[in-house]
Number of protein chains: 2
Amino acid sequence: MKFCNECGAQVQLRIPEGDNLPRHVCDACGAIHYQNPRLVVGCVPEYEDRILLCRRAIEPRRGYWTVPAGFMENGETLQEAAARESREEALADVRVGSLLSVVHVLHAEQVHVFFRATLAAAKYAAGAESLEVALVAASEIPWTEIAFPSTEFTLRRYLEDKAAGREPYHFTTIDRRLKRATGS
Amino acid sequence: MKFCNECGAQVQLRIPEGDNLPRHVCDACGAIHYQNPRLVVGCVPEYEDRILLCRRAIEPRRGYWTVPAGFMENGETLQEAAARESREEALADVRVGSLLSVVHVLHAEQVHVFFRATLAAAKYAAGAESLEVALVAASEIPWTEIAFPSTEFTLRRYLEDKAAGREPYHFTTIDRRLKRATGS
């Protein structure tokens with residue numbers, strides 16, 4: 001962020017009075033621009049013991065497999081976001097179920113939230129952001145071609161829980177931030 | 001948003017190619033500025049059957065009671081955010097436990113996430129954003145002076161669950177958006 005999106009003046013990065021973190025501050029209009037983690041929401045859609053996967057048509061990780069997921073929009077719930085992403089990426093109508101995983105992706109400044117889901121019918125096709133969409137058995141999941149660590153974490157917990165006949169939720173943290181040297 | 005925070009030019013609100021929602025688009029540098037819900041994270045800290053409440057020293061809802069909560073920062077987990085807010089608002093050291101509630105606050109473009117928590121000791125005091133902090137029994141909760149609907153929802157579920165000896169999570173949605181007339 002270089003300019004104030006309210007008045008167009010240049011912003012400064014400094015700690016405002018009463019705060020303890022650097023923020024982008026506009027000295028022209030007084031606005032303080034906070035930056036917070038974004039929510040990415042998705043689901044693991046199942047149909048008759050198979051899971052719906054999408055092969056990404058867009059960067060990052062074009063050509064790799066994932067479950068339907070994307071940035072949450074204003075005005076929708078997490079469950080609505082998961083269902084919308086399934087419609088957009090896989091042209092699939094899902095019923096969103098229990099909370100499956102919450103992944104703090106610190107380097108990307110994102111929180112990923114995934115739900116269990118069921119497909120209403122074996123009807124699906126590649127949306128604009130997918131190269132292809134497939135219903136795969138657990139044994140067919142292309143583990144070496146999964147797009148993101150949060151997707152792999154989520155799929156593994158999904159299968160373990162299903163085998164155990166339970167539906168708990170799981171938290172984890174992924175941190176690939178560059179470590180800064182602390183010496184002088 | 002009126003100006004591009006990358007180049008300072010005026011932005012236009014329109015639907016970009018390949019998208020289906022209006023975005024703030026900069027025709028000067030090509031940036032598309034997405035706006036997404038922000039995460040507010042808090043907890044219900046308990047100590048010997050009493051709950052830690054804070055009376056707000058800041059707007060909105062100055063003078064009303066709430067549990068420690070605030071905007072999640074980049075670089076932290078949800079649990080770390082809940083613990084940090086407890087330190088900042090109540091000078092309290094909490095151990096964050098299970099997920100308690102997720103509240104979609106559609107009119108505010110926020111997702112509120114609350115955890116159960118325990119106080120390490122009966123040590124607390126008003127932080128800069130609190131007028132006072134108190135450990136109260138369930139029967140002493142000032143229900144008519146609770147700051148936000150998400151706080152009330154969360155406290156009620158907390159007490160019900162505690163009475164039932166269970167720790168489930170709860171989703172709900174609060175929508176106070178102005179309804180637009182749809183006639184011509």
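All values reported here derive from a predicted model rather than from experimental measurement.

K.L.:
Run through the packing of aromatic side chains, naming residues and quoting values.
P.N.:
Scanning all chains against the criterion turns up 5 aromatic pairs over all chains. Arranged with centres 5.8 Å apart and planes meeting at 50 degrees, the rings of Phe115(A) and Phe171(B) form a pair that is tilted. Of this pair, Phe115(A) sits in strand E9 (residues 110–119) while Phe171(B) sits in strand E11 (residues 170–174), each in a different chain. Aromatic pair Tyr169(B) and Phe171(B): ring centres 5.7 Å apart, planes at 85 degrees, arrangement edge-to-face. Three or more aromatic residues joined by ring pairs make a cluster, and in this case those are Phe115(A), Tyr169(A), Phe171(A), Phe115(B), Tyr169(B) and Phe171(B). The cationic tip of Arg156(A) hangs over the ring face of Trp143(A); the distance from NZ or CZ to the ring centre is 3.9 Å.

K.L.:
Could you give an account of the relation of the copies chain B and chain A, with specific residues and numbers?
P.N.:
In the superposition of chain B on chain A (RMSD 0.0 Å, axial shift 0.0 Å), the rotation amounts to 180 degrees. As the rotation angle and translation indicate, the two copies are arranged about a two-fold axis. The overlap is high: 100% of the interface residues of chain B also sit at the interface in chain A, so the same surface is used on both sides.

K.L.:
If you had to explain the sheet that holds strand E1 (residues 12–14) of chain B to someone new, which residues and values would you point to?
P.N.:
Pairing within the open sheet is antiparallel, and its 3 strands lie in the order E1-E2-E3 (chain B). Pairing within the sheet leaves two strands with one partner each, and these edge strands are E1 and strand E3 (32–33) of chain B.

K.L.:
So what's going on with the state of the cysteines? Which residues, and what values?
P.N.:
Inspection of the entire model under this criterion finds 0 disulfides over all chains. Here Cys4(A) stays free of any disulfide, with the sulfur of Cys29(A) as its closest cysteine sulfur at 3.7 Å.

K.L.:
Give me the lowdown on the pairing of strand E5 (residues 50–56) of chain B, citing residues and values where you can.
P.N.:
All names here are of chain B. Burial of E5 is extensive: 5 of the 7 residues sit out of reach of the surface. Bridging between strand E4 (residues 38–47) and E5 involves 2 bridges; their strand directions are antiparallel. By the bridge assignment, Glu-46 is partnered in E5 with Ile-51. Linking E4 back to E5 in an antiparallel pair, the connection comprises 2 residues, with Glu-48 at a positive phi of about 45 degrees. Examined bridge by bridge, E5 and strand E10 (residues 130–137) share 7 bridges and lie antiparallel to one another. Looking at the pairing, Ile-51 lines up with Val-136 of E10. Both E5 and strand E6 (residues 65–66) contribute to a ladder of 2 bridges, which runs antiparallel. Residue pairing in the sheet places Arg-55 in a bridge with Trp-65 of E6.

Cut-offs used in this document
- Residues numbered from 1 in each chain as written.
- Chains lettered and ligands numbered in written order.
- Predicted model: local features only at pLDDT ≥ 70, side-chain atom pairs only at ≥ 80, totals over all residues.
- Heavy atoms only, no water.
- Phe/Tyr/Trp six-rings, centres within 6.5 Å; stacked < 30°, edge-to-face > 60°.
- Helix = DSSP H or I, 4+ residues; strand = E, 2+ residues; numbered from the N terminus.
- Lys NZ or Arg CZ within 6 Å of the ring centre and 35° of its normal.
- Least-squares fit on C-alpha atoms with pLDDT ≥ 70 in both.
- Contact = heavy atoms within 4.5 Å.
- Pairing = 2+ DSSP bridges.
- Disulfide = S-S within 2.5 Å.
- Buried < 20%, exposed > 50% of the residue type's maximum accessible area, 1.4 Å probe, protein only.

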